[in-house]
Amino acid sequence: MTPIAPPQAGTPFQQLIRLYHIITPLFEQVVGISVARWRVLISLYNHGQMSQSELQQHLQVDPAAITRQAKQLEEEGLIRRWSNPQDNRSILVVLTESGRELVANLIERRNHFESEVMHNISREDLDVMERCLAQIRTNVRTLSETLA
């Protein structure tokens, strides 16, 4: 059983971090797939064929992590990978038909999960949350660029 976050414990930032660590395993349990695998699959579902490096940049993860995920998903028949005929240094990646079917089924579970998590939150509050998260992303990007 996933623990419930204590109400109003710590700063909003601390609450956000704790909530992420609670939501992630709950998402995986309800949807039936790891967040890392979901992100790869849904990105390919939404964007179609991509190079592995484009996928890595889109997801903002380590190249080795994408390679590991891609190899596993390919072994399971969910994606197909091949050398780019125009640039042999590049690997192209696309969902297989089985991968597209799986993602289509998982989208229903994901939508149900999100609906349950966001239950009883007004549209106005969701709008405020979206603006706050956008500002946090901007702040994180700026901090990251400053440290680079």
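In the block above lies the structure referred to throughout.
This one's a predicted model, so the numbers in the text were calculated from it and none came from an experiment.

1. Overview of the pairing of strand β2 (residues 79-84)
In this sheet, strand β3 (residues 87-95) lies alongside β2 in antiparallel orientation, the contact comprising six bridges. Its bridge partner being in β3, Asn84 is matched across the sheet by Asp87. Turn length for the β2-β3 hairpin, with the two strands adjacent in sequence and antiparallel, is two residues.

2. Overview of the packing of helix α2 (residues 35-47) against helix α5 (residues 97-117)
For the pair α2 and α5, interaxial distance at closest approach is 10 Å and the crossing angle is 110°. Between α2 and α5, the interaxial angle falls into the category roughly perpendicular. Judged by the sense of rotation from one axis to the other, the crossing of α2 with α5 is left-handed. Note on element contacts: α5 touches α2 through Arg100, Leu102, Val103, Ala104, Leu106, Ile107 and Arg110, opposite Trp38, Leu41, Ile42 and Tyr45. Here the contact of α2 with α5 is built from residues that sort into nine nonpolar, no polar and two charged.

3. Brief notes about α5
An ideal rise of 1.5 Å per residue puts 30 Å on 21 residues; α5 measures up with 30 Å between its terminal C-alpha atoms. All of the buried residues in α5 are Gly99, Val103, Leu106, Ile107, Arg110 and Phe113.

4. Structural notes on the pattern of salt bridges
Per the stated rule, a full pass over the model turns up six salt bridges. A salt bridge links Arg89 to Asp87, with the nearest nitrogen and oxygen atoms 3.1 Å apart. Accessibility expressed as a relative area gives 27% for Asp87, which makes it partly exposed. Between Arg123 and Asp127 there is a salt bridge, with the nearest N and O atoms lying 2.8 Å from each other. Taken together, the residues span about one helical turn, with Arg123 and Asp127 both in helix α6 (residues 123-147) at a distance of four residues.

Scoring rules and cut-offs
Residues numbered from 1 in each chain as written. Predicted model: local features only at pLDDT ≥ 70, side-chain atom pairs only at ≥ 80, totals over all residues. Heavy atoms only, no water. Pairing = 2+ DSSP bridges. Helix = DSSP H or I, 4+ residues; strand = E, 2+ residues; numbered from the N terminus. Axes fitted to C-alpha atoms, helices over the stretch in contact; angles between N-to-C directions. Parallel < 35°, antiparallel > 145°, perpendicular 65-115°, else oblique. Left-handed = near helix turned anticlockwise from the far one by under 90°. Contact = heavy atoms within 4.5 Å. Nonpolar A, V, L, I, M, F, W, Y, C, P; charged D, E, K, R; others polar. Expected span 1.5 Å × (residues − 1). Buried < 20%, exposed > 50% of the residue type's maximum accessible area, 1.4 Å probe, protein only. Salt bridge = Lys/Arg side-chain N within 4 Å of Asp/Glu carboxyl O.

Note that every value here comes from positions in space, so none of it alone points to a role or purpose.
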